[in-house]
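# Architecture at a glance
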Amino acid sequence: MIDDAPEQQLELLKQEINQHNYRYYVLDDPTVPDAEYDRLMQRLKTLELAHPEWVTADSPTQRVGATPLSAFAEVAHEIPMLSLDNAFSEQDMLDFERRIKERLGSDAAIDYACEPKLDGIAVSLLYRQGLLERGATRGDGRRGEDITQNLRTIPSVPLKLMGSGWPELLEVRGEVYMPKQGFGELNRRAAAVDEKQFVNPRNAAAGSLRQLDSKITANRPLELCCYSAGLVKGGQLPDNHIAVLKKLNAWGFRINEQMASVSGVQACIQYYGGLQDKRDTLPYEIDGVVFKVNELALQRRLGFVSRAPRWAIAYKFPAQEELTQLLDVEFQVGRTGAVTPVARLEPVFVGGVTVSNATLHNMDEVERLGVCIGDTVIIRRAGDVIPQVVSVVLERRPQNAAKIKLPLNCPVCDSEITRDEGEAVARCSGGLYCAAQRKEAIKHFASRKAMDIEGLGDKLVELLVDKQLIKTAADLYKLQWQQISGLERMGEKSARNLMQALEKSKSTQLSHFIYALGIREVGEATALNLANYFGSLEALAAAEEPELLEVDDVGPIVAKHLATFFHQPHNKEVLDGLIKAGISWPEPKVRDSKSMPLQGMTFVLTGTLESMTREEAKSRLQLLGAKVSGSVSVKTTMLVAGTKAGSKLTKAEKLGVDVMDEERLLRQLNEWEAAAAN
Ligand code: IVH
């Protein structure tokens, strides 16, 4: 390239960058690292700066946004942009196919293209001789707005078509949308500077495209996925829908990776179910499936009715957002005393279930939403996520709307509610005096990953506490079966079963027991690290903060919670009670230098390991007594370098630290572990 004339260099460079853009934004399969892409872009910018006369509209540098407009111009769609009929049930789908067959006068099997219905904004892109000439919104279907400047900033919108064989005039239609991740980041950025957040990715995409200043659009994480061709002049496209989309893909457009072709309406219904199951794992929002008769000749025969084609239908998923009224707000007290405002709602069917409660998280969230009792609110329930209040419809606020106030005292035990400086969460100060906290602590103690007491569900715990049969987890083991069998809905048999489950739960693992104690911020993983490190409950209970900080995953906050927990006389009493009841776990092997051959050594792990995760390698090394650190220093004994090891390897080599590869690590681990076990 060095020998080429500068003008040729520029052309080659543009081609290369466009190719990388295509791999990255359209195929999701980049071939060069970001740094290389940045270098190429930089070189192009330098060349263009030296030769402004060479800057063309299709140059990859011309996506950053142009001079702000005062208004959008109007655009007429030569071929109207139609909407789709909706189906809401299997019956609607069966009717759809029946109508098609009746119209075609044939019972032959029909092939359909299936595509997710993306939840974004429909746009039209017009290419003349392969160059993007105009981009527009759908508008009312006949007239839209010219948003060329904004669409040009979206990396997956080709400024120039790739390959060859495109018609002289080609209109491509598709959906501009904001992926979930980009939406989350955009809202986090907005929250950080106290700006208004978008309600959902669709609104964010619409708001971003409606900017008169395209520099704003350029900073929004938008994508285009195309789903059909519109106007075609001076050329021909394939004769079925899927082949058309594949062609568009080859010319540089992103198409949906979930697209499939099926035969017959039953297969459509099956595809719908499959996509619904996947819905929450997709990186973008969808609100249903679009089914289209695949053969374009059949599409032409079927034609249109009013503003929708007869050959396509949108089979919608149950709505994930609905309007309802906030009837009241109650405050719930959790295991750690956190006081959470919970919205009591006029029951509403959303996301496939009837919802009558939604969490409001904390008072900061109440403030952010600006919500009052009596307000009409938008409720969202996506997948198995707990229902959320998304926003308030202010226009519908009633006169008597009441402000939501954090109570001064705990609704359960009347202790004072406190809120630490800078903390969003308010807490009941009652501790284990508070029945709500006690109930939650015992529910946690009994849960599957803790003591796993089968048959001791939430309702039963509440009943036992309310009847004052138990106050603490230790009391569980003092229960007599007569006491249990006398309770509502508990027969003799379930009482005996519970007694057996309690007995069985007594033999456990130290890590499960630590987790079951419900110490703040001590989850399963931390509990396991603590058990491995200390080996006994006595050692853990006696540890002061500096020693606790030595344990993996334990920072100053967790260390403080741990120390506080084990210092409280009340907790000591409960622990004694539990041990007296007979709870036990296998004694750890004596941790001598033989069982811990790596004591005193510090390992660092870097790069990718093939045969195990870094976490596994880390915990195996730790069990052998090694410290595993995140950075290389003179104190490092050994660097384990997987594939694609980078700066840590360079540093280790510079410092003369020993390096081993994965194969040697595996061999060594097996040897050390065998020696430690003997
Ligand atoms: S086809 C004549 N395919 O849904 C066919 N539309 O309700 C016109 N949409 O305005 C559209 N994903 O914004 C089609 N895969 C898809 C789609 C899709 C989303 C939107 C589009 C359209 C609306 C129709």
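In this report, the structure presented in the accompanying data block is examined. Remember, predicted model here, so these are calculated numbers, not experimental data.

## What to know about the overall build of the protein
Looking only at helices and strands, one finds 25 helices and 24 strands in the protein. Considering only C-alpha atoms, the protein reaches an extent of 90 × 70 × 55 Å along its principal axes. The proportion of buried residues among the 678 residues of the protein is 46%. Taking as baseline every contact in the protein between residues at least 6 positions apart, the subset at least 24 positions apart corresponds to 66%. Here the protein displays about 35200 Å² of accessible surface, and carbon together with sulfur accounts for 50% of that area. Charge-centre separation for the protein: the mean point of 82 positive side chains lies 2 Å from the mean point of 93 negative side chains.

## Structural notes on the environment of K160
By the element assignment, K160 lies in the loop between α4 (148-151) and β7 (169-177). As for K160 and L131, which are separated by 29 residues in sequence, their C-alpha atoms are 4.6 Å apart.

## Re the sheet that holds strand β10 (residues 286-293)
Read across the open sheet, the five strands follow the order β2-β13-β10-β3-β9; overall the sheet is mixed. Taken across any chain shown, the strands that pair with only one partner, and hence form the sheet edges, are β2 (86-87) and β9 (260-263). Here four bridges tie strand β3 (residues 111-118) to β9, and the two strands are oriented antiparallel to one another. For Y112, the partnering residue across the bridge sits in β9 and is V262.

## Things to note about the pairing of β10
A regular strand places its side chains so that they alternate between the two faces of the sheet. Across the eight residues of β10, eight count as buried, placing the element largely inside the fold. Bridge count for β3 against β10 is seven bridges, and the pairing is antiparallel. From the neighbouring strand, K117 faces β10, where its bridge partner is G288. Taken together, the five bridges between β10 and strand β13 (residues 312-316) define a ladder with antiparallel strand orientation. Within β13, the position partnered with G288 by the bridge is K316.

Parameters and conventions
- Residues numbered from 1 in each chain as written.
- Predicted model: local features only at pLDDT ≥ 70, side-chain atom pairs only at ≥ 80, totals over all residues.
- Heavy atoms only, no water.
- Helix = DSSP H or I, 4+ residues; strand = E, 2+ residues; numbered from the N terminus.
- Buried < 20%, exposed > 50% of the residue type's maximum accessible area, 1.4 Å probe, protein only.
- Contact = heavy atoms within 4.5 Å.
- Areas by Shrake-Rupley, 256 points an atom, 1.4 Å probe, with all protein chains shown as cover.
- Lys, Arg positive; Asp, Glu negative; His and termini not counted.
- Charge placed at Lys NZ, Arg CZ, Asp CG, Glu CD.
- Pairing = 2+ DSSP bridges.

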